[in-house]
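Residues per chain are reported as follows:
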Amino acid sequence: MKRFKIGFATLFFALAISGCDTKTNEKTEAATDSPAVKAPTANDLNSDQSALLKTILGAERLEGTVLRGISFGDPISKIKASENFEMFEETADHLGYTAETPQLETIDVQYFLTPDKKVNRITIDVYLNSAEATKQLWNAGKNYFTKDYDAPKEEPNKVTWNKKSIRVNMEDVSKGKDFGLKFQFVPTDKNVLAAK
């Protein structure tokens, strides 16, 4: 009888230990089966801002064009024929086009029109994912326009370049968790519009 009690106690103890071990293994297995969540890397979150600037500006600028192959005074038909972004808006005074990067950054281009349907101003809003992306695009834009348009006039969050008959403004419009830049291209000589 004493042997039976010792055997029973040993069996009970072994089952208890085995049961605890199984629960521990189940927790470990459950933890390793869970998908690992990692923070996105900078490359996952933001585009290469120099490449993004090239996308914003369009193909190589031809002599006499301002941006994306368009000049001030160009007719609405030229915009519709040459713009490769998706049109999202067409009103009496402007056309709006948009594009999205693989990182879900958005570029909105608006061509403002005179009453006789010719380009008289271009604005570009770029919506970015982070303060770092905004800083990088700001620096890429500043380098590009300073090289092409000479020294800028700088204010807090805004830079302005003037060249011949064009004024370019670049403004950091980030607020809170919304990041981005706004570019404006404006003719400074009314004769530019009349020439076409």
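Everything discussed here concerns the structure shown above.
Quick caveat: nothing in here was measured; it's all calculated off a predicted structure.

A. The environment of Ile-124, seen in detail. Inspection of the secondary structure assignment puts Ile-124 in strand S4 (residues 119–128). For Ile-124 and Phe-183, which are 59 residues apart along the polypeptide, the C-alpha to C-alpha distance reads 5.0 Å. Look past the residues within four positions of Ile-124 in its chain and what remains in contact with it is Ile-56, Leu-67, Ile-107, Asp-108, Val-109, Leu-181, Lys-182, Phe-183 and Phe-185.

B. Geometry of the packing of aromatic side chains. In the structure shown here, the tally under the stated rule is six aromatic pairs. Both rings, one in Tyr-144 and one in Phe-145, keep their centres 5.0 Å apart while their planes meet at 85°; by these two values the pair is edge-to-face. Judged by relative accessible area, Phe-145 falls into the buried class, the value being 1%. For the pair Phe-145 and Trp-161, a centre-to-centre distance of 5.2 Å together with 40° between the ring planes defines the contact as tilted. Of this pair, Phe-145 sits in helix H5 (residues 131–149) while Trp-161 is found in strand S6 (residues 158–163), placing the two residues 16 residues apart along the sequence. Residue classification places Trp-161 among the buried positions, given a relative accessible area of 0%. Connected via pairs of aromatic rings, a cluster forms that spans Tyr-144, Phe-145, Tyr-149, Trp-161, Phe-183 and Phe-185. Positioned over the ring face of Phe-85 is Arg-68, at 3.8 Å from the centre of the ring.

C. Local environment of the side chain of Arg-68. Note on placement: Arg-68 falls in the loop between helix H3 (49–57) and helix H4 (76–82). Classification of Arg-68 as buried rests on a relative accessible area of 10%. At 2.7 Å, the side chain of Arg-68 forms a polar contact with the backbone oxygen of Thr-55. Not counting residues within four places of it along the chain, the set of residues in contact with Arg-68 comprises Thr-55, Ile-56, Leu-57, Gly-58, Glu-83, Asn-84, Phe-85, Val-109 and Tyr-111.

D. The arrangement of the side chain of Asp-74 in detail. Here Asp-74 is to be found in the loop between H3 and H4. From its side chain, Asp-74 meets the backbone nitrogen of Ser-71 in a polar contact 2.7 Å long. Of the polar contacts made by the side chain of Asp-74, one reaches the side chain of Lys-78; its length is 3.1 Å.

E. View of the nonpolar core. Within the largest apolar cluster, 36 residues are counted, with the highest numbers of intra-cluster contacts made by Ile-122, Ile-124, Phe-183 and Phe-185. With six residues, H5 is the single largest residue contributor to this core. Those residues in contact with Phe-183 that lie beyond four places of it in its chain are Leu-53, Ile-122, Thr-123, Ile-124, Val-126, Phe-145, Asn-169 and Met-170.

So, how was this worked out
- Within each chain, residue numbers correspond to sequence positions counted from 1 in written order.
- Totals for whole chains, interfaces and linings use every residue, but because this is a predicted model, local features are given only for residues with pLDDT of at least 70 and side-chain atom pairs only at 80 or more, for both listing and counting.
- Where side-chain values are given, they derive from all heavy atoms of the structure, hydrogens and water being excluded.
- Counting from the N terminus, the helices are the DSSP runs of H or I reaching at least four residues and the strands are the DSSP runs of E reaching at least two.
- When checking whether two residues touch, look at their non-hydrogen atoms; a contact exists if any pair is within 4.5 Å.
- Here a pair means two rings of Phe, Tyr or Trp (six-membered ring of Trp) with centres within 6.5 Å. Their orientation is stacked below 30 degrees between planes, edge-to-face above 60, and tilted elsewhere.
- Throughout, exposure labels follow a simple rule: accessible area from a 1.4 Å probe, protein chains only, divided by the maximum for the residue type, with under 20% read as buried, over 50% as exposed, and the rest as partly exposed.
- Sitting over a ring, as applied to charges here, requires NZ of Lys or CZ of Arg to be within 6 Å of the ring centre and within 35 degrees of the ring normal.
- Each polar contact in these results corresponds to two N or O atoms within 3.5 Å; when the atoms are within protein, one needs to be able to donate a hydrogen and the other to accept it, and residues that are neighboring in sequence are counted only if both atoms are side-chain atoms.
- In this description, a nonpolar core means a group of buried Ala, Val, Leu, Ile, Met, Phe, Trp, Tyr and Cys residues linked to one another through side-chain atoms lying within 4.5 Å.

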